[in-house]
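Read off the chains here:
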Amino acid sequence: MGEFALGQSVARFEDQRLLKGRGRFVDDTQLPRMVHGVVLRSLHAHAKILSIDTEVAKAAPGVLDILTGADWQASGWGDLPVGDAGRKRRDGSDLYRCRYPALVTDRVRWVGDYVAFVVAETREQAQDAAELIEVDYQPLAAIISTAEATKPGAPLVWDDCPDNICFVFLAGDKEAVIEAFAKADHVVEHTFVINRVTAAATEPRGCVGDYDSSQDHYTITTTLQRVHLYRAQLAKQVMKIPENKLRVIGGDVGGSFGMKSAIYNEVPLVLLASKRLGRPVKWTSTRSEAFLSDGQGRDNVTTASLALDNDHNFLAMRVETFTNVGAYLQAGGESFVGNIGTLAGVYKTPVLHADVTAAYTNTPPVRPYRGNGRPEAAFVIERLIDLAAAELGADPIELRRRNLIPADAMPYKTGLTFTYDCGEFERGMDMALELSDYAGFEARRTESRKRGKLRGIGFSNSIERAAAPGSEGAEIRFDRSGTATIFSGAVNQGQGHETVFKQVVCDRLGMDPAEIAYISGDTDTVFFGEGTGGSRSATLGGSAMALASDKIIAKGTAIAAHMLEVEAAEISFEDGIFSSAGSNRSLTIKEVGKAAANPANLPAGMEPGLVERAVFVAELMNYPNGCHVCELEIDEETGTVALLDYHVVDDVGTVMNPMLLHGQIQGGVAQGIGQVLMEDIRFDEESGQLLTGSFMDYAMPRAADFSSMQVASNAVPTATNPLGVKGAGEAGNVGALPAIAAALANALNEFGVRDVPMPATPERLWRLIEAGKTRA
């Protein structure tokens, strides 16, 4: 249907209720006789627990129950899921799998670790009681630094993990890389520190557990990304019950970016407490708790080298990375290495090798955060190319152009795990250069210098994998009035799933979106699903909805043929109307939907009802790619940064909704800007105490910190799915980190600065400027 078809900038249908305060977030859940839980968290980064005394706390007003590690052990429930995915240590043995109980018994391993769970009639009563619990700690030495964690003599997070190494991941051809470097005319090497950040989702984590003793059945309403897989893990690994004894509800989720996809300790705690008390139990994170307990992101140190010949052709690349997984390896915490192929970029570097060491530290767990390894990898290759251009006296754009993979080389197997099916990288780069008036930059730089400003421009090419092999379900169900309800296994956290999936159905079936209801995020109503993550929803969820729509058309055609008394081959379907060339009669899909409920209207043997389900199985991933150009000014006297302009040209294949796409790209760019310029999770290196535990210290970007952002499309549809789409949810973040960092370095070029550490705060930039003046 034209105005709602794919490719149209349809405004988000869900915004009407969200903007009016009618969202269905976890903390909006109110159940009869509901009580409240509070977590008592560790005050130490590393310590033995000598004793826990809860007697005074149990006698406090309103207190109903207090759970400790001993109670958790006595319950018979299992540990929380931890990552694996077949990862190994350097000697070939399995990765070190830490225990991950919901409540600890003998040792705490980060400031914020889970010591006890207090349940009371009100949240305030639970909080007061938690402060009455006496815990006798014996502090131990802690290791915080990613770079120091694996060095001899470092304090051990786990006594039976003698080097703190969780796993090692190797990829590429090491021998070929060594040989290529030996023959290289030029080698450029640099160490990059990519700092730790937190998701800071608009909606903090929360959960409501409700046990029904009459049915021996549990319901959990929580913040998550995948209801069906979540239920499978929680039921089987933790609670040790059949899946049909557990219902998982997602509702609206106010942002996640990967952070909320894990099963956190509070979820089984509210369920166990509900079973013990016979009442629903709610827990909602405070913002302070979020800084202490949410899975955090990034935090790695990489030394990368690029080998070139005298003609500036890339010969080889080698990378050694040390990455921090925190005190526990959360499920999915190991998955970032699956995106290591992003290091190859859009370049024809023949051979690459990556050596990644993941280490435990006494810090909160680190897990996927928007991009999950892709932004870090893109940052390394793109910044390394800029450094090579500076060292060789080459133009950074022309150095890239010389080494780009040409469009006619597709499909192209890179030197590091990925095989690109399609892409026109040079065309996208040229579009970005023109859109940003790259050629006119030097004139703008001169004008800025006259005003005492240091103007810089940064450029990045980036590519990533999206929609890893998997499956997703969709259902379309017409009712007796001819309207429809669609169900999706994807879980929305602000992406606009309802809008886009309705567009798919409107495009295929010619319906008005007002006649379509949308349901997701509930294991009792959605028949099948994997969920959301890794930029997969448009590819898998959209394709499943398209396949279900095609099934509706096929069955509707048979019904229409029967009702119009013609052969099915004579029926055509267009814009929601079934018609026959040999007849002047026609039926709308709404009329067919109504008629399908009556067996008298159907061909012999056909089941009543116009209801179809589909599961799309993706066998190949896709590769969204793009170019970012960032232009900014730095005040020479204060180090303050002002973004002036930002341009993006992205290839996400078929553009389903340009307005939503632009929002996704801009949101990703904003998170990249935040990390490069201001966001920083920082701990005291000795005590492990969090130093940036509130928005007073952890700086978040505001609207005034951004410039205008122009987003254009260099669409090259992929053949890996029926819609031709490529993932877009993480693309903005992947390209933003290197582009902004490059612009900063370019602005400070006259002071001999080639690279700027994250975050580039005004103080840090001012010090770099002053140091450059001193050297001069």
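Along every chain, residues carry numbers that run from 1 in the direction the sequence is written. A pLDDT threshold of at least 70 governs which residues receive local features in this predicted model, and a stricter bar of 80 or more applies before side-chain atom pairs are shown or counted, although totals over entire chains, interfaces and linings include all residues. By convention in this description, side-chain values take in all heavy atoms of the structure and omit both hydrogens and water.

Caption draft 1: The arrangement of the overall build of the protein in detail. The secondary structure content of the protein amounts to 18 helices and 28 strands. The quantity called the radius of gyration is restricted to C-alpha atoms. Its globule counterpart is 2.2 Å times the number of residues to the power 0.38. Its C-alpha atoms give the protein a radius of gyration of 28 Å, near enough to 28 Å, the size a compact globule of 776 residues would have. Summarising its shape, the C-alpha atoms of the protein cover approximately 90 × 70 × 50 Å along the three principal directions. Classification of the 776 residues of the protein by burial places 59% in the buried group. Contacts were defined at the residue level, with two residues in contact if any of their heavy atoms lie within 4.5 Å. The long-range share in the protein, meaning contacts at least 24 apart out of those at least 6 apart in sequence, stands at 80%. Only runs of H or I of at least four residues qualify as helices and only runs of E of at least two qualify as strands under DSSP, and these elements are numbered from the N terminus. Only protein chains enter the accessibility calculation, which uses a 1.4 Å probe; a residue is then buried when its area is under 20% of its type maximum, exposed when over 50%, and partly exposed in between.

Caption draft 2: Quick peek at the pattern of salt bridges. A pair is scored as a salt bridge if a Lys or Arg side-chain nitrogen falls within 4 Å of a carboxyl oxygen belonging to Asp or Glu. Per the counting criterion, the structure on display carries 56 salt bridges. Note that Arg298 is salt-bridged to Glu376, the shortest N-O span being 3.5 Å. Of this pair, Arg298 sits in strand 13 (residues 297–308) while Glu376 sits in helix 9 (residues 374–392), and the two are 78 residues apart along the sequence. Residue Glu376 is classed as buried on the basis of its relative accessible area, which comes to 9%. Where salt bridges share partners, they join Asp437, Arg444, Glu447, Arg451, Arg455, Glu631 and Glu633 into one cluster.

Caption draft 3: Geometry of the sheet that holds strand 27 (residues 641–651). Note on pairing: two strands pair once DSSP finds at least 2 bridges between them. Pairing is mixed in the open sheet, where four strands are placed in the order 18-26-27-28. Here the strands that pair on one side only, and so sit at the sheet edges, are strand 18 (453–463) and strand 28 (709–713). Between one strand and the next, the sheet's axes are offset by a mean angle of 10°, whatever the strand orientation. Here strand 27 runs beside strand 28; their pairing, made up of five bridges, is parallel. Bridging from a neighbouring strand, Val649 pairs with Ala712 of strand 28. A fitted line through C-alpha atoms represents every axis, and for helices the fit uses only the stretch in contact; the resulting angles, taken between N-to-C directions, go from 0 to 180 degrees. Packing of helix 11 (residues 425–435) onto the sheet brings it into contact with strand 18, strand 26 (625–635), strand 27 and strand 28, and relative to strand 27 it is tilted by some 145°. Across the sheet, helix 17 (residues 731–747) is in contact with strand 18, strand 26 and strand 27; its angle to strand 18 comes to roughly 145°.

Caption draft 4: Spatial organisation of the packing of helix 9 against helix 10 (residues 396–403). For the pair helix 9 and helix 10, interaxial distance at closest approach is 9 Å and the crossing angle is 115°. Of the two elements, helix 9 crosses helix 10, and the hand of that crossing is right-handed. Contacts from Glu382, Ile385, Asp386, Ala388 and Ala389 in helix 9 reach Pro396, Leu399 and Arg400 in helix 10. Of the residues in the contact of helix 9 with helix 10, the class split is five nonpolar, no polar and three charged. Rotating anticlockwise by less than a right angle from the far helix to the near helix defines a left-handed crossing, while the corresponding clockwise rotation defines a right-handed one. All amino acids are sorted into three groups, where Ala, Val, Leu, Ile, Met, Phe, Trp, Tyr, Cys and Pro are nonpolar, Asp, Glu, Lys and Arg are charged, and the leftover types, Gly among them, are polar.

Caption draft 5: Inspection of the side chain of Arg367 at higher detail. Mapped onto the elements of the fold, Arg367 is located in the loop between strand 15 (351–360) and helix 9. Within this scheme the basic residues Lys and Arg register as positive and the acidic residues Asp and Glu register as negative, but His and the chain ends are omitted. Of the side chains bearing the opposite charge, Glu334 lies closest to the buried Arg367, which forms no salt bridge; the N-O distance is 7.4 Å. Counted as a polar contact is a pair of N or O atoms within 3.5 Å, where, for protein atoms, one must be capable of donating a hydrogen and the other of accepting one, and residues adjacent in sequence contribute only when both atoms are in side chains. One polar contact links Arg367 to Ser261, side chain to side chain, over a distance of 2.7 Å. Once you skip the residues sitting within four places of it in the chain, Arg367 turns out to touch Gly258, Met259, Ser261, Ala262, Tyr264, Gly295, Gln296, Gly297, Gln330, Ala331 and Gly333.

Caption draft 6: Summary view of the packing of aromatic side chains. The aromatic pairing rule takes the rings of Phe, Tyr and Trp, using the six-membered ring of Trp, and pairs them if the centres are within 6.5 Å, calling planes under 30 degrees apart stacked, those over 60 edge-to-face and the rest tilted. Inspection of the entire model under this criterion finds 21 aromatic pairs. Plain terms: the ring middles of Phe4 and Phe13 are 6.3 Å apart, the flat faces sit at 45° to each other, and that makes the pair tilted. On the basis of relative accessibility, which here comes to 16%, the residue Phe4 falls in the buried class. An aromatic cluster is present here, built from Tyr96, Tyr100, Trp110, Tyr114, Trp158, Tyr328 and Tyr360 joined pairwise through their rings. Charge-over-ring placement is defined geometrically: NZ (Lys) or CZ (Arg) within 6 Å of the ring centre, and within 35 degrees of the ring normal. Directly above the ring of Phe181 sits Arg318, whose terminal nitrogen or CZ lies 3.9 Å from the centroid. Between Lys502 and the ring centre of Phe13, over which it is positioned, the NZ or CZ distance is 5.0 Å.

Caption draft 7: Local environment of helix 17. Any helix carries an expected span of 1.5 Å times its number of residues minus one. In this model helix 17 runs 25 Å from its N-terminal to its C-terminal C-alpha over 17 residues, within 8% of the 24 Å that 1.5 Å per residue would give. Approximately 25° is the largest bend angle found in helix 17, and it occurs at Leu737, with the proline Pro738 only one to four residues beyond. Burial analysis of helix 17 places 16 of its 17 residues in the buried class, which makes it a mostly covered element. In this analysis the local bend is the angle between axes fitted, respectively, to the seven residues ending at and the seven residues starting at the residue.

Caption draft 8: Representation of the nonpolar core within the structure. If you look at the biggest cluster of nonpolar residues, it comprises 182 residues, and the most contacted ones within it are Phe117, Leu234, Met317 and Tyr360. Looking at this core, the element that brings in the most residues is helix 9, giving 10 residues. To form a nonpolar core, buried Ala, Val, Leu, Ile, Met, Phe, Trp, Tyr and Cys residues must be joined to one another through side-chain atoms within 4.5 Å.

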